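Survey of secondary and tertiary structure
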Amino acid sequence: MAEPRLDPTRALVLSLKPRFAEAILAGNKTVELRRIMPRITIPTLALLYASGPERSLVGTCIVHSVARLPADELWRRHGAKTALSRPEFDAYLSGRDEGVALFLEQPDRLPAPIPLQALRRADNFRPPQSLAYVRHEQRKRLVMALQ
């Protein structure tokens, strides 16, 4: 059976606290928690943006599936893969009955982080609060800022 092809039109940008970006790149965090369901085709390339104080594009991974689950079930089935403590998990989903799990694979660290200033020069990049979508042409310009 052939492996599914990545969405050819766009990628997802995930804005993450630096400790979570590092945990994904180290392979210790394979589930990213979100409050809303992203509008993506599976599988999708995700760019990993480490927020302050790092403020850099640090790597990529593949979102290979997505699931919306009741909060307690999400924690029971996938909590250990989120790099969150139970109090952090509960605080993040406060006021929600369910959460969204992005299942990640193939983390790939960039040879060097690309600082926000270089991303802005390359493509007027504005880091998202949570997530954003970029067309592949923009993704290429952002990653080219490394050179």
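Fair warning: this is a prediction, and the values are worked out from it, not measured in the lab.

**Re the overall build of the chain**
Counting secondary structure elements, the chain contains five helices and six strands. The order of helices and strands in the chain, counted from the N terminus, is β-α-β-β-β-α-α-β-α-β-α. A compact globule built from 147 residues would reach a C-alpha radius of gyration of about 15 Å, and the chain, at 15 Å, matches this within 12%. Counting only C-alpha atoms and orienting by the principal axes, one finds that the chain spans roughly 45 × 40 × 25 Å. Sequence separation of at least 24 residues holds for 77% of the intrachain contacts in the chain that already meet a minimum separation of 6. Element-wise, carbon and sulfur atoms account for 51% of the exposed surface of the chain, whose accessible area totals about 8100 Å². Looking at charge distribution, the chain has the averaged site of its 23 positive side-chain charges lying 6 Å from that of its 15 negative ones.

**Here we look at the pattern of salt bridges**
Per the stated rule, a full pass over the model turns up nine salt bridges. Linking E32 and K29 is a salt bridge whose minimum nitrogen-to-oxygen distance equals 3.1 Å. The class for E32 is buried, based on a relative accessible area of 7%. Judged by its relative accessible area of 3%, K29 is buried. Between E73 and R77 there is a salt bridge, with its nearest N and O atoms 2.7 Å apart. Taken together, the residues E73 and R77, both in helix α2 (residues 71-78) and four residues apart, mark about one turn of the helix. Via salt bridges that share partners, K29, E32 and R34 belong to a single interconnected network.

Rules and cut-offs
Residues numbered from 1 in each chain as written. Predicted model: local features only at pLDDT ≥ 70, side-chain atom pairs only at ≥ 80, totals over all residues. Heavy atoms only, no water. Helix = DSSP H or I, 4+ residues; strand = E, 2+ residues; numbered from the N terminus. Rg over C-alpha atoms; globule rule 2.2 N^0.38 Å. Contact = heavy atoms within 4.5 Å. Areas by Shrake-Rupley, 256 points an atom, 1.4 Å probe, with all protein chains shown as cover. Lys, Arg positive; Asp, Glu negative; His and termini not counted. Charge placed at Lys NZ, Arg CZ, Asp CG, Glu CD. Salt bridge = Lys/Arg side-chain N within 4 Å of Asp/Glu carboxyl O. Buried < 20%, exposed > 50% of the residue type's maximum accessible area, 1.4 Å probe, protein only.

Any functional reading would require information beyond the geometric quantities listed.
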